[in-house]
Amino acid sequence: DTEVTQTPKHLVMGMTNKKSLKCEQHMGHRAMYWYKQKAKKPPELMFVYSYEKLSINESVPSRFSPECPNSSLLNLHLHALQPEDSALYLCASSHSPPEQGLGQFFGPGTRLTVL
Amino acid sequence: SQQGEEDPQALSIQEGENATMNCSYKTSINNLQWYRQNSGRGLVHLILIRSNEREKHSGRLRVTLDTSKKSSSLLITASRAADTASYFCATASLGGGTSYGKLTFGQGTILTVHP
């Protein structure tokens, strides 16, 4: 299984809602990532987990809260988001350390709209 | 400013022609990777070239890396309509600490291959 899955595919939420994005991989990768991508822009790294521990937080606002319950799952909890947070949220995974030569495997993304 | 800058921003060619995209970066790197993204979807890892390599091939893809000029190029030969996508270079940081293994993406090149 060489796939990263993400749910939901689309999410519309109000600024007072709480929602979660989910990501799953079964490739035995021990590094998992969250990226945010705005239209016609490159992905921007948000968080990196290595061996289920948060290793990089790119100064992301606290309304985004990541969680890595186990080596296969990665969640992103959303609370009190702003309309400017609307974007494509991408999950990725890779071997850790990540430079083993195979790059990162990306999921299809969750298209988030904040009203 | 972005670590990776790509040119051209957009490239339009006919099927069968070759497509060349360039990427420049600013800091020392461990490796450089190229990814493809179809409209609104996840990224697909194409090829990785390490800092001590100068050229690499994979199928119709040829990547070069010039660390003295801090630049890389991606050549797609005999292009097909299915190659239509956005192409991003991404650099992996050299060194440890919180930047270990972090990927920074360039702005991307939008390639359109006309049948």
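Here is what the cut-offs are and how they apply
Residues numbered from 1 in each chain as written. Chains lettered and ligands numbered in written order. Predicted model: local features only at pLDDT ≥ 70, side-chain atom pairs only at ≥ 80, totals over all residues. Heavy atoms only, no water. Helix = DSSP H or I, 4+ residues; strand = E, 2+ residues; numbered from the N terminus. Polar contact = N/O pair within 3.5 Å; in protein donor to acceptor, adjacent residues only side chain to side chain. Contact = heavy atoms within 4.5 Å. Core = buried A, V, L, I, M, F, W, Y, C linked by side-chain atoms within 4.5 Å. Buried < 20%, exposed > 50% of the residue type's maximum accessible area, 1.4 Å probe, protein only. Salt bridge = Lys/Arg side-chain N within 4 Å of Asp/Glu carboxyl O. Disulfide = S-S within 2.5 Å.

Peer 1: Residue-level account of the side chain of A:Gln104, with values.
Peer 2: Note on placement: A:Gln104 falls in the loop between β9 (87–94) and β10 (105–106). At 2.8 Å, the side chain of A:Gln104 and the side chain of A:Tyr35 are in polar contact. A:Gln104 has contacts with A:Tyr33, A:Tyr35, A:Ala92, A:Ser93, A:Ser94, B:Gln33, B:Tyr35, B:His45 and B:Leu103, leaving out every residue within four places of it along the chain.

Peer 1: Run through the nonpolar core, naming residues and quoting values.
Peer 2: With 23 residues, the main nonpolar core has A:Trp34, A:Phe64, A:Leu76 and A:Leu78 as its most contacted residues. Looking at this core, the elements with two or more residues in it are β2 (10–13), β3 (18–25), β4 (31–37), β5 (44–50), β7 (64–70), β8 (73–79), β9 and β11 (110–114) of chain A. Once residues within four sequence positions are removed from consideration, A:Leu78 is found in contact with A:Leu11, A:Met13, A:Asn17, A:Lys18, A:Lys19, A:Leu21, A:Arg63, A:Phe64 and A:Leu112. With 21 residues, the next largest nonpolar core counts B:Met21, B:Tyr25, B:Ile76 and B:Ala85 among its residues.

Peer 1: Describe the pattern of salt bridges, and please don't skip the residues or the numbers.
Peer 2: Note on pairing: side chains with opposite charge can pair once their charged atoms come close. Inspection of every chain in the model, using the stated rule, returns seven salt bridges over all chains. With its nearest N and O atoms 2.7 Å apart, the salt bridge here joins A:Asp85 to A:Arg63. Taken together, the positions of A:Asp85 in the loop between β8 and β9 and A:Arg63 in the loop between β6 (53–57) and β7 put the pair 22 residues apart, joining distant regions of the chain. Since its relative accessible area comes to 2%, A:Asp85 is described here as buried. With its nearest N and O atoms 4.0 Å apart, the salt bridge here joins B:Lys56 to B:Glu53. Among the residues examined, B:Glu53 registers a relative accessible area of 24% and is labelled partly exposed.

Peer 1: An account of unusual backbone geometry is requested, with residue identities and associated values reported.
Peer 2: The phi angle of most residues is negative, glycine excepted, and most peptide bonds adopt the trans form. Omega for the bond connecting A:Thr7 with A:Pro8 falls within 30 degrees of zero, at -10 degrees, which places this linkage in the cis form. Structurally, the position occupied by A:Pro8 is in the loop between β1 (4–7) and β2. The peptide bond linking B:Asp7 to B:Pro8 adopts the cis configuration, its omega dihedral lying at 0 degrees. One non-glycine residue, B:Lys70, adopts positive backbone phi at about 50 degrees. Looking at where B:Lys70 falls in the secondary structure, it is placed in the loop between β7 (61–66) and β8 (71–76). Taking the relative accessible area as the measure of exposure, B:Lys70 reaches 28% and is therefore partly exposed. For B:Ala78, which is not a glycine, the phi torsion comes out positive at approximately 45 degrees. You can see B:Ala78 is positioned in the loop between β8 and β9 (85–93).

Peer 1: Requested: an account of the state of the cysteines, with residues and values cited.
Peer 2: Under the criterion given, the structure shown has two disulfides over all chains. Here A:Cys23 is linked by a disulfide to A:Cys91, with a sulfur-sulfur distance of 1.8 Å. Taking the sign of the S-S torsion, about -70 degrees here, the bridge from A:Cys23 to A:Cys91 comes out left-handed. With A:Cys23 in strand β3 and A:Cys91 in strand β9, this pair connects stretches of sequence that are 68 residues apart. Accessibility classification places A:Cys23 together with A:Cys91 in one group, the buried group. Note that B:Cys23 is cross-linked by a disulfide to B:Cys89, the S-S spacing being 2.1 Å. Disulfide B:Cys23-B:Cys89: torsion about the S-S bond near 65 degrees, hence right-handed. Placement of the pair is B:Cys23 in strand β3 (residues 19–25) and B:Cys89 in strand β9, with a sequence separation of 66 residues. Of the two residues examined, B:Cys23 and B:Cys89, each falls in the buried class. Here A:Cys68 is not cross-linked by a disulfide; its sulfur's nearest cysteine counterpart is in A:Cys23, at 9.2 Å. On the basis of relative accessible area, A:Cys68 is assigned to the buried category, the value being 13%.

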